[in-house]
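# Overview (structure and organization)
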Amino acid sequence: MDVLVSKKRWLIISIMFFANMTNSIQWLQYSIVPEIYTEFYQKSYNAISATSLLGSLSMIIMIIPVTFLVELKSTRFVLLLGTVFSFTGAFVKCFAVSPDRYWVLMFGQALAEINVPIVLAIPPKIAANWFPNHELAQAVAISVFGDQLGIALSYLVPFVIKGPVESLGDDYENNWSNASEYGENATLAIDEVSKQIYAVSIFTASISFLSLLFVFFMFKDKPKVKIFSSTLQNKNFDVIAYA
């Protein structure tokens, strides 16, 4: 049987795609170039790698509560809540660009990673609300692909955070922040790396804020008119997609 569909469904799933992408960019933001951050914050490799583990930890702890939240609240409410956490975390990390603010960094990362189970759990519900049965899988695939693209884009970080190449040259040692060995050049190196980290933090916060604006002003929970039937099939699809 032919069904009516809304052209706006592609805008809705694109917003979900963008929200997923901007959040996943933050997942590996620091563990991509651990040697820079370990020296900058004077922390161990494991301490820097812990920033990426927060996403997995959030998924383990929050996935079941988030699944119930998706069923109880509108998709707009849940996605808006997630993007607020993502932007707030990115914003906090803009104030962590100092060697003595590692825990500010971890706090911001923890806030941002709360959004991980949200952006992974909500696409099936959005697809069920907006798309006919034969497009459900396609809609979820587009949305989840944003997660993979965001991870891929995070690998561009080394092109920005190059280390103290201007202060100490391309062959700088791993202990480039050691003032007793490099003297004034160590201070210059820290300042140089600080600017690189800050640039990445501002970019991440900016696109997270843009995602928040998209959700707040343009995202709708469902069409004004129910555009297709087979509700039971869509609910079954939700369960399968969550799994």
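Residues numbered from 1 in each chain as written. Predicted model: local features only at pLDDT ≥ 70, side-chain atom pairs only at ≥ 80, totals over all residues. Heavy atoms only, no water.

### A word on the overall build of the protein
Within the protein, the secondary structure is distributed over 12 helices and 0 strands. N-terminal to C-terminal, the α/β element order of the protein is α-α-α-α-α-α-α-α-α-α-α-α. Projected onto the principal axes, the alpha-carbon positions of the protein cover approximately 75 × 30 × 25 Å. Expressed as a percentage of contacts within the protein between residues at least 6 apart in sequence, the contacts between residues at least 24 apart total 81%. (Helix = DSSP H or I, 4+ residues; strand = E, 2+ residues; numbered from the N terminus. Contact = heavy atoms within 4.5 Å.)

### With respect to a negative patch on the surface
A surface patch of like charges, here negative, comprises Asp170, Asp171, Glu173 and Glu181. Its location among the elements puts Glu181 in helix 10 (residues 179-182). Taking the relative accessible area as the measure of exposure, Glu181 reaches 49% and is therefore partly exposed. (Patch = residues over 30% accessible without salt bridge, like charges linked within 9 Å, V, L, I, M, F, W, Y side chains within 5 Å. Areas by Shrake-Rupley, 256 points an atom, 1.4 Å probe, with all protein chains shown as cover. Salt bridge = Lys/Arg side-chain N within 4 Å of Asp/Glu carboxyl O. Lys, Arg positive; Asp, Glu negative; His and termini not counted. Charge placed at Lys NZ, Arg CZ, Asp CG, Glu CD. Buried < 20%, exposed > 50% of the residue type's maximum accessible area, 1.4 Å probe, protein only.)

### A look at the pattern of salt bridges
One pass over the structure, following the stated rule, counts 1 salt bridge. We note a salt bridge from Arg9 to Glu135, for which the minimum N-O separation is 2.9 Å. In this pair, Arg9 sits in helix 1 (residues 9-25) while Glu135 sits in the loop between helix 7 (123-130) and helix 8 (136-154), placing the two residues 126 residues apart along the sequence. Judged by relative accessible area, which is 11%, Glu135 ranks as buried.

### Re the confidence of the model for the protein
Per-residue pLDDT for the protein has a mean of 88; in total, 91% of the residues score no lower than 70. Low pLDDT, under 50, characterises residues 229-243; the stretch is placed with 25 contacts to residues that sit more than four places away or in other chains. (pLDDT = per-residue confidence, 0-100.)

### Notes on the packing of aromatic side chains
Within the structure shown, the criterion is met by 12 aromatic pairs. Over the face of the ring belonging to Phe77 we find Lys73, whose NZ or CZ atom lies 5.6 Å from the ring centre. Over the ring of Phe216 we find Arg76; its NZ or CZ atom is 5.5 Å from the centre of that ring. (Phe/Tyr/Trp six-rings, centres within 6.5 Å; stacked < 30°, edge-to-face > 60°. Lys NZ or Arg CZ within 6 Å of the ring centre and 35° of its normal.)

### Concerning the environment of Met16
For Met16, the location among the structural elements is in helix 1. In this structure the C-alpha to C-alpha distance between Met16 and Ala110, which are 94 residues apart in sequence, comes to 21 Å. Once you skip the residues sitting within four places of it in the chain, Met16 turns out to touch Leu79, Val119, Ile122, Pro123, Ile126 and Ser143.

### Quick word on helix 1
Between its first and last C-alpha, helix 1 extends 25 Å over 17 residues, near the 24 Å set by a 1.5 Å rise per residue. Within helix 1, 14 of the 17 residues are buried, which leaves the element mostly enclosed by the surrounding structure. (Expected span 1.5 Å × (residues − 1).)

### Quick look at the packing of helix 2 (residues 34-41) against helix 11 (residues 184-218)
At their nearest, the axes of helix 2 and helix 11 sit 11 Å apart, and the two run at 125° to each other. Comparing the axis directions of helix 2 and helix 11 gives the class oblique. Once helix 2 is placed against helix 11, the crossing between them reads as left-handed. For the pair helix 2 and helix 11, contact is made by Ile36, Tyr37 and Phe40 and by Ile190, Val193, Ser194 and Ile197, respectively. Classifying every residue of the contact of helix 2 with helix 11 by side-chain character gives 6 nonpolar, 1 polar and no charged. (Axes fitted to C-alpha atoms, helices over the stretch in contact; angles between N-to-C directions. Parallel < 35°, antiparallel > 145°, perpendicular 65-115°, else oblique. Left-handed = near helix turned anticlockwise from the far one by under 90°. Nonpolar A, V, L, I, M, F, W, Y, C, P; charged D, E, K, R; others polar.)

### What to know about a nonpolar patch on the surface
Taken together, the side chains of Leu11, Phe209, Leu210, Leu213, Phe216, Phe217 and Met218 present a nonpolar region at the surface, about 600 Å² in accessible area. The greatest single-element share of the nonpolar patch, amounting to 6 residues, is contributed by helix 11. For Phe216, the location among the structural elements is in helix 11. Note on Phe216: relative accessible area 44%, which makes it partly exposed.

### Some words on the environment of Val104
Within the secondary structure, Val104 sits in helix 5 (residues 102-113). When the C-alpha atoms of Val104 and Gly146 are compared, they prove to be 27 Å apart, with 42 residues separating the residues in sequence. Here Val104 is in contact with Val92, Phe95 and Ala96, once residues within four sequence places are set aside.

### A closer look at the side chain of Glu192
Residue placement: Glu192 occurs in helix 11. Engagement of the side chain of Glu192 in a polar contact is seen with the backbone nitrogen of Glu166, the distance being 3.0 Å. Aside from chain neighbours lying at most four places away, what touches Glu192 is Gly163, Pro164, Val165, Glu166 and Ser167. (Polar contact = N/O pair within 3.5 Å; in protein donor to acceptor, adjacent residues only side chain to side chain.)

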